[in-house]
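Read off the chains here:
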Amino acid sequence: MTLATSATYFSRGNNKGEATSALVHGTNGTPLLTEASISVAAPTCMLADALTKVVAASGNDHHPLLARYGASAFVATP
């Protein structure tokens, strides 16, 4: 089992008055500006990392893809 963590609090910025982030929503292209830190335990590091973005974009720490890939998520908020 491996663990990956993603968060936006270090990558948030501002461009011409618009909020920006290194992480963007895959469907609509909007910046992910959550205050949360998302960690996912999964069988491979690549899968764990990808699933952190799924949880961040969906806001669902029980997203169906977690169970499908034998993974679990932990979300820490300030």
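Here the structure is shown first, and the text comes after it.
Residues numbered from 1 in each chain as written. Predicted model: local features only at pLDDT ≥ 70, side-chain atom pairs only at ≥ 80, totals over all residues. Heavy atoms only, no water.

1. Re the overall build of the protein
Part 1 of the argument: Within the protein one finds two helices and five strands.
Part 2 of the argument: Along the chain direction, N to C, the helices and strands of the protein fall in the order β-β-β-β-α-α-β.
Part 3 of the argument: Taken over the C-alpha trace, the protein has a radius of gyration of 13 Å; the compact-globule value for 78 residues is 12 Å, and the two agree within 12%.
Part 4 of the argument: Seen through its C-alpha atoms, the protein measures out along the principal axes to roughly 40 × 25 × 20 Å.
Part 5 of the argument: The proportion of buried residues among the 78 residues of the protein is 29%.
Part 6 of the argument: The long-range share in the protein, meaning contacts at least 24 apart out of those at least 6 apart in sequence, stands at 56%.
Part 7 of the argument: Within the protein, one finds 4 positive and 4 negative side-chain charges whose respective centroids are separated by 7 Å. (Helix = DSSP H or I, 4+ residues; strand = E, 2+ residues; numbered from the N terminus. Rg over C-alpha atoms; globule rule 2.2 N^0.38 Å. Buried < 20%, exposed > 50% of the residue type's maximum accessible area, 1.4 Å probe, protein only. Contact = heavy atoms within 4.5 Å. Lys, Arg positive; Asp, Glu negative; His and termini not counted. Charge placed at Lys NZ, Arg CZ, Asp CG, Glu CD.)

2. So, the nonpolar core
Taken as a class, soluble globular proteins show a tendency for nonpolar side chains to be buried jointly.
Part 1 of the argument: The biggest cluster of nonpolar side chains holds 14 residues, and the ones touching the most others in it are Ile38, Val40, Ala42, Leu51, Leu66 and Ala71.
Part 2 of the argument: Of all the elements in the fold, those that place two or more residues in this core are strand E4 (37-42) and helix H1 (45-58).
Part 3 of the argument: The element best represented in this core is H1, accounting for five residues.
Part 4 of the argument: Beyond its immediate stretch of four places on either side in the chain, valine 40 contacts Thr2, Leu3, Ala4, Ala48, Leu51, Thr52, Val55, Leu66, Ala71, Ser72 and Ala73. (Core = buried A, V, L, I, M, F, W, Y, C linked by side-chain atoms within 4.5 Å.)

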